[in-house]
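Reading the structure
Each chain, letter by letter, is given below.
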Amino acid sequence: MTGRPAGRPLVPAYLSTGGVARPSRPQLERLSVLTRGDAPVPAGLPAAALALLDVLAGGALALVEAAALLRLPVSAVRVLAADLADRDLVLARAPIPPADRFEPDLLKRVADGLRALKH
């Protein structure tokens, strides 16, 4: 008897979202940070939504990290996270922006100032 092909999920990803293709919050990005909300978990949540809440119980994760842990496509986790955020079960915030590039001259002046203090 042969098993299912390796890497192929048992349940298609679109079923994990209840057939919903687009998130209700389009501002959710791959690097949006998700945390568990304070609202009590209602009965009747789909298994994939409960799995996302379980993953977030350990702390904050980027949406893409949660997708990797759940072995679901990022698009499916975006839909799940948006639905849970609408129910106040998940808090989502924008990704942390990259730091502005520093000026090399400023860094050199700071290093020179520190050296001057040392002597």
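Cut-offs applied
Residues numbered from 1 in each chain as written. Predicted model: local features only at pLDDT ≥ 70, side-chain atom pairs only at ≥ 80, totals over all residues. Heavy atoms only, no water. Helix = DSSP H or I, 4+ residues; strand = E, 2+ residues; numbered from the N terminus. Buried < 20%, exposed > 50% of the residue type's maximum accessible area, 1.4 Å probe, protein only. Contact = heavy atoms within 4.5 Å. Areas by Shrake-Rupley, 256 points an atom, 1.4 Å probe, with all protein chains shown as cover. Patch = residues over 30% accessible without salt bridge, like charges linked within 9 Å, V, L, I, M, F, W, Y side chains within 5 Å. Salt bridge = Lys/Arg side-chain N within 4 Å of Asp/Glu carboxyl O. Core = buried A, V, L, I, M, F, W, Y, C linked by side-chain atoms within 4.5 Å. pLDDT = per-residue confidence, 0-100. Pairing = 2+ DSSP bridges. Axes fitted to C-alpha atoms, helices over the stretch in contact; angles between N-to-C directions.

With respect to the overall build of the protein
Helix and strand counts for the protein come out as five helices and three strands. A buried classification covers 27% of the 119 residues belonging to the protein. Taking as baseline every contact in the protein between residues at least 6 positions apart, the subset at least 24 positions apart corresponds to 74%. Accessible surface computed for the protein: about 8700 Å², of which carbon and sulfur atoms make up 59%.

Concerning a nonpolar patch on the surface
Together, Leu106, Val110, Leu114 and Leu117 line one region of the surface with nonpolar side chains, adding up to about 410 Å² of accessible area. Note on placement: leucine 114 falls in helix α5 (residues 104-118).

A closer look at the nonpolar core
Judged by nonpolar contacts, the single largest core of 22 residues is most densely connected at Leu34, Leu52, Val77 and Leu84. Counting residues per element, the ones that place at least two in this core are α2 (47-56), α3 (63-70) and α4 (74-86). Ranked by residues supplied to this core, first place goes to α4 with six residues. Among residues more than four places away in sequence, those in contact with leucine 52 are Ala66, Leu70, Val77, Leu80, Ala81 and Leu84.

Things to note about the confidence of the model for the protein
On average, residues of the protein score 83 in pLDDT, and 82% of them reach the 70 mark or higher. Ranking the helices and strands of the protein by mean pLDDT puts strand β2 (residues 61-62) first, with 95, and helix α1 (residues 13-16) last, with 66.

Concerning the sheet that holds β2
Taken in spatial order, the three strands line up as β2-β1-β3 in an open sheet, and their pairing is antiparallel. The open sheet is flanked by β2 and β3 (90-93), the only strands paired with a single partner. Looking at chain direction, strand β1 (residues 33-36) and β2 are connected through two bridges and run antiparallel. Each bridged residue has a counterpart across the sheet, and for valine 33 the counterpart in β2 is alanine 62. Those strands touched by α2 are β1, β2 and β3, and its axis lies near 90° from that of β1.

Points about unusual backbone geometry
The backbone of arginine 71 sits at a positive phi, close to 55°, despite the residue not being glycine. You can see arginine 71 is positioned in the loop between α3 and α4. On the basis of relative accessibility, which here comes to 76%, the residue arginine 71 falls in the exposed class. Not every positive phi belongs to a glycine, and aspartate 88 is a case in point at roughly 60°. Among the secondary structure elements, aspartate 88 is positioned in the loop between α4 and β3.

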